[in-house]
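# Coordinates in review
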Amino acid sequence: MLVNIHVAESPTMQAWKRCVVLLAGFLMLQGPAWSSETEYNLGVYAYRAKDYAGARQHWQKAVVEGEVSAMNNLGFLLFNALGGPRDETRAVSLWTTAAKKGHTESQWHLGEALEQGKGSERDVVEAYAWYRCAVAGMQSEAQDEEDRAVMTRARNDMIRVLGRLPEDRVTEAEMRARDYVRRFTARDDASEQGGAVK
């Protein structure tokens with residue numbers, strides 16, 4: 001025989017239960033806003049799992065939110081046709097926006113695209129300026145091994161392009177590079193630069 005025992009709850013206990021139920025409902029309605037996972041981080045996880053289409057989706061959302069590192073990473077996927085169709089023009093546009101916000105890896109990628117003439121018209125003077133800007137910015141940032149490897153590649157690209165510049169364009173390239181270093185490195189909004197997928 002079952003006996004139904006009912007425990008009387010105090011008004012305080014009933015109030016606490018209502019608060020818990022209301023808080024749980026509120027948190028469920030907030031969804032991802034209360035999640036510790038940002039769209040950028042979800043993109044990183046997808047990229048590491050080689051789910052490039054998923055990484056594109058997450059980084060596109062992060063770009064809309066203004067995440068500069070997502071601009072760099074989405075540009076990389078678009079430029080290399082990872083997870084969807086190739087779109088070099090859009091990649092260059094994203095890298096340009098991020099480069100002007102001081103994102104050094106985007107500056108390097110932009111230099112590569114300009115040197116190759118992919119996604120924009122070929123412009124070795126502009127490529128040199130962005131390579132030099134990237135190297136200057138990377139030298140002032142705390143770096144891990146991957147960052148140092150990117151800096152080495154950017155420095156080598158800069159030296160190679162300088163050697164290919166016609167003599168009458170070297171002064172122009174140097175002046176533009178100095179201007180970019182002054183305008184687009186050592187920014188106060190360094191927190192926007194975040195970690196980038198290598």
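Rules and cut-offs
In this numbering scheme, every chain counts its residues from 1 along its sequence in written order. Reporting of local features is limited, given that this is a predicted model, to residues whose pLDDT is at least 70; pairs of side-chain atoms are given and counted only at 80 or more, and all residues count toward the totals for whole chains, interfaces and linings. To get the side-chain values, take all heavy atoms of the structure and skip hydrogens and water. Secondary structure elements are defined from DSSP: runs of H or I of at least 4 residues count as helices, runs of E of at least 2 residues count as strands, and each element is numbered from the N terminus. A helix is expected to span 1.5 Å multiplied by its residue count minus one. Between N or O atoms, a polar contact is any pair within 3.5 Å; within protein, one atom must be a potential hydrogen donor and the other a potential acceptor, and residues adjacent in sequence are included only when both atoms are from side chains. Here's how the labels work: a residue is buried when its accessible area is under 20% of the maximum for its type, exposed when over 50%, partly exposed in between, all with a 1.4 Å probe on protein chains only. Salt bridges are identified by distance alone: a Lys or Arg side-chain nitrogen within 4 Å of an Asp or Glu carboxyl oxygen. Neither His nor the chain termini are counted; the positive set is Lys and Arg, and the negative set is Asp and Glu. The contact definition used throughout considers only heavy atoms, calling two residues in contact when any of these lie within 4.5 Å.

## Some words on helix H8 (residues 145-164)
For H8, spanning 20 residues, the distance from its first C-alpha to its last is 29 Å, which sits close to the expected 28 Å at 1.5 Å a residue. With a side-chain oxygen lying 3.1 Å from the backbone nitrogen of Glu 146, the N-terminal cap of H8 falls on Asp 144.

## Some thoughts on the environment of Arg 148
Of note, Arg 148 is situated in helix H8. With a relative accessible area of 42%, Arg 148 lands in the partly exposed category.

## Concerning the pattern of salt bridges
Evaluation of the coordinates by the stated rule reveals 10 salt bridges. The salt bridge partner of Arg 176 is Asp 123, with a shortest N-O separation of 4.0 Å. Here Arg 176 is found in helix H9 (residues 167-184), whereas its partner Asp 123 is found in the loop between helix H6 (104-116) and helix H7 (124-140), with 53 residues between them in sequence. On the basis of relative accessibility, which here comes to 22%, the residue Arg 176 falls in the partly exposed class. Asp 123 gets classed as partly exposed once you look at its relative accessible area, which sits at 25%. Across the pair Asp 179 and Arg 182 runs a salt bridge, and its minimum N-O distance is 2.6 Å. Of the two residues, Asp 179 and Arg 182 both sit in helix H9, 3 residues apart, roughly one turn of that helix. One network of salt bridges, in which partners are shared, links Asp 123, Glu 126, Arg 169, Glu 172 and Arg 176.

## With respect to the side chain of Glu 112
Relative to the helices and strands, Glu 112 is located in helix H6. Buried and unpaired, Glu 112 has no salt bridge, with Arg 153 as the nearest side chain of opposite charge at 4.3 Å. Contacts of Glu 112, omitting those with residues within four sequence positions, involve Tyr 131, Arg 153 and Asp 157.

## Quick word on the environment of Ala 81
As for its placement among the helices and strands, Ala 81 is situated in the loop between helix H4 (68-79) and helix H5 (88-100). Since its relative accessible area comes to 29%, Ala 81 is described here as partly exposed. In the structure, Ala 81 is positioned 29 residues away from Tyr 52 in sequence and 9.4 Å away in space, judged by C-alpha atoms. Excluding residues that lie within four positions of it along the chain, Ala 81 makes contacts with Arg 56 and Arg 86.

## A few points about unusual backbone geometry
Within the chain, Lys 50 stands out as a residue other than glycine whose phi angle is a positive 65°. Its place among the elements puts Lys 50 in the loop between helix H2 (39-48) and helix H3 (52-64). Phi at Ala 81 takes a positive value of approximately 55°, unusual for a residue other than glycine.

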